[in-house]
Amino acid sequence: MGSGETYRGRLAPSPTGLLHLGHARTFWIAAQRCRERDGRLVLRNEDLDSQRSRAEFFRAMIDDLRWLGIDWEEGPDCGGPYAPYSQSERHEYYLAAWQRLRRGGHIYPCFCSRKDRPQSASAPNDNDDEPLYPETCRNRPDAAIISDPRGMSWRFRIPNGNAIEFTDLKLGPQHFVAGKDFGDFLIWRRDDVPAYQLAVVVDDALMQITEVVRGADLLKSTARQILIWQALANVSREFSGQIPSYYHCDLVRDGAGVRLAKRHDALSIRHLRETGTTRQEVLRLAGVQ
Ligand code: GLU
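A quick note: this is a predicted structure, and the numbers were derived from the prediction, not measured.

**Student:** Looking at this structure, I do not really get helix α2 (residues 55-68). What am I missing?
**Tutor:** Residues lying three or four places apart along an α-helix face the same way, a consequence of the helix completing one turn every 3.6 residues. The terminal C-alpha atoms of α2, which comprises 14 residues, lie 20 Å apart, in line with the 20 Å expected from a rise of 1.5 Å per residue. Looking at the buried positions of α2, the neighbouring elements they touch are β1 (8-11), α1 (21-36), β2 (40-43), α6 (269-274) and α7 (279-285). Positioned one or two residues after α2, G69 has a phi angle of 95 degrees, which is positive.

See the structure below:
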């Protein structure tokens, strides 16, 4: 972030379940970092996956975040200059990025499986990341002439063997190798849903986010997103600005050392609230107070 530039942070929950202590931790840290820098905080509703997103989870996440004492200046509930703030309403922006990536030769259609991983519209974590793709469809000659993403999945052509390095503001220097840590990853699903990796880059760029605060399970996704940023920066002015800084928070684990997930209902903020846990206690359990 250049000096004089306004810090813009974001909270990017997916309304696919109740928020838990891990979210409390990440979003509290994100909000603190933003406040300390006199910035603006954006709430982005990551509801790309219509099968798993629910309106009641969206309402619960807004309510739980406010109960925790987290406030934002822009979001689906309060509007703002970069609206809409729900991913399900931003298809045209993702499509424009898809067109640019295709014209630039950065993506290709993939006909390998009849069904995409249903999870690809959501952020992957270490246990459900996509397997290395064997590049079967990589050199198909028809990529350049297909002008509509629908009906097939699309993959990003990674620079095999290249290192992707960045300095995380919390975890320090990071190093990933394309082709080893991840392969040609999905960018668009056959059912016309953009993949998480593309949507996040497009939104962070267009919403002018200067720092991304999220869980450490997304480090490898950051490497992939940097590649998308670089590819889009080559073909579009909107992406030629600075890539955001990254701050990946330590994960909250349950008693058995397992990373919290939405299935940990007992550790959801909602359940804790309903069983009488105070806000201070929730923040303490989340390790931020
Ligand atoms: N929506 C994602 C999630 O809930 C987070 C995406 C991000 O912070 O980039 O896991």
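Having seen it, we continue.
**Student:** Which parts of the structure should I look at to understand the environment of V288?
**Tutor:** Examined against the element boundaries, V288 turns out to sit in the segment after α7. A relative accessible area of 18% places V288 in the buried class. Along the backbone, V288 and A24 are 264 residues apart, and their C-alpha atoms lie at a distance of 8.7 Å.

**Student:** Whenever I open this one, the packing of helix α3 (residues 91-103) against helix α5 (residues 219-235) confuses me. Can you help?
**Tutor:** The angle between the axes and the distance between the axes are what describe a pair of packed helices. Packing of α3 against α5 leaves a shortest axis separation of 9 Å and a crossing angle of 80 degrees. Taken together, α3 and α5 sit at an angle that is classed as roughly perpendicular. Residues A97, R100 and L101 of α3 lie in contact with α5, whose contacting residues are A231, L232 and V235. Each residue belonging to the contact of α3 with α5 can be placed in one class, and the counts come to five nonpolar, no polar and one charged.

**Student:** Any chance you could explain the packing of aromatic side chains here in plain terms?
**Tutor:** Two measures describe an aromatic ring pair: the distance that separates the ring centres and the angle between the ring planes. Tallied over the full model, the rule gives seven aromatic pairs. Ring centres 6.5 Å apart and planes at 55 degrees place the aromatic pair W98 and W188 in the tilted group. Of this pair, W98 sits in helix α3 while W188 is found in strand β7 (residues 186-188), placing the two residues 90 residues apart along the sequence. As far as burial versus exposure is concerned, W98 and W188 are alike and both buried. Pairing F166 with F176 gives two aromatic rings, centres 6.4 Å apart and planes at 20 degrees, and the pair type is stacked. Of the two residues, F166 sits in strand β5 (residues 163-168) while F176 sits in strand β6 (residues 172-177), which places them ten residues apart along the sequence.

**Student:** Just to check I follow, could you spell out the side chain of R25 for this structure?
**Tutor:** Residue placement: R25 occurs in helix α1. An unpaired buried charge is present at R25: no salt bridge exists, and D250, the closest side chain of opposite charge, is 4.0 Å distant. A distance of 3.3 Å separates the side chain of R25 from the backbone oxygen of G287, its partner in a polar contact. Beyond its immediate stretch of four places on either side in the chain, R25 contacts D250, V252, A286, G287 and V288.

**Student:** Just checking my understanding: could you explain the sheet that holds β7 for this structure?
**Tutor:** As summarised here, the arrangement of the three strands in space is β3-β4-β7, forming an open sheet in which the pairing is antiparallel. Two strands close off the open sheet at either side, each with one partner strand: β3 (107-110) and β7. Between one strand axis and the next, the sheet turns through 45 degrees on average, direction left out of account. Where strand β4 (residues 153-156) lies against β7, two bridges are found, and the strand directions are antiparallel. Across the sheet, residue W154 finds its bridge partner in β7, namely W188. Contacting β3, β4 and β7, α3 crosses the sheet at an angle of about 120 degrees to β7.

Calculation rules
Residue numbers here run from 1 along each chain, matching the order of that chain's written sequence. Reporting of local features is limited, given that this is a predicted model, to residues whose pLDDT is at least 70; pairs of side-chain atoms are given and counted only at 80 or more, and all residues count toward the totals for whole chains, interfaces and linings. Think of the side-chain values as coming from all heavy atoms in the structure, minus any hydrogens and water. Only DSSP runs of H or I reaching four residues or more are called helices, and only runs of E reaching two or more are called strands; each is numbered from the N terminus. Each residue after the first adds 1.5 Å to the expected span of a helix. Note on definitions: a residue-residue contact is assigned when non-hydrogen atoms from the two residues lie within 4.5 Å. Accessibility here uses a 1.4 Å probe with only protein chains present; expressed as a share of the type maximum, an area under 20% marks a residue as buried, one over 50% as exposed, and anything in between as partly exposed. Orientation is described by lines fitted to C-alpha atoms, with helices fitted over the stretch in contact, and by angles between N-to-C directions that extend from 0 to 180 degrees. Roughly parallel covers angles under 35 degrees, roughly antiparallel covers those over 145, roughly perpendicular covers 65 to 115, and oblique covers all other angles. In this classification, the charged set is Asp, Glu, Lys and Arg, the nonpolar set is Ala, Val, Leu, Ile, Met, Phe, Trp, Tyr, Cys and Pro, and all remaining amino acids, among them Gly, are polar. Two rings from Phe, Tyr or Trp (for Trp, the six-membered ring) form a pair when their centres sit within 6.5 Å of each other. Planes less than 30 degrees apart are called stacked, planes more than 60 degrees apart edge-to-face, and all others tilted. A positive count includes Lys and Arg, and a negative count includes Asp and Glu. His and the chain ends are not counted in either. Just to be clear on terms, a salt bridge is a Lys or Arg side-chain nitrogen sitting within 4 Å of an Asp or Glu carboxyl oxygen. Polar contacts here mean pairs of N or O atoms no more than 3.5 Å apart (in protein, one a potential hydrogen donor and the other a potential acceptor; neighbouring residues in sequence count only if both atoms are side-chain atoms). By definition, two strands form a pair when at least two bridges between them are found by DSSP.

Any link to function would need more than the numbers given here.
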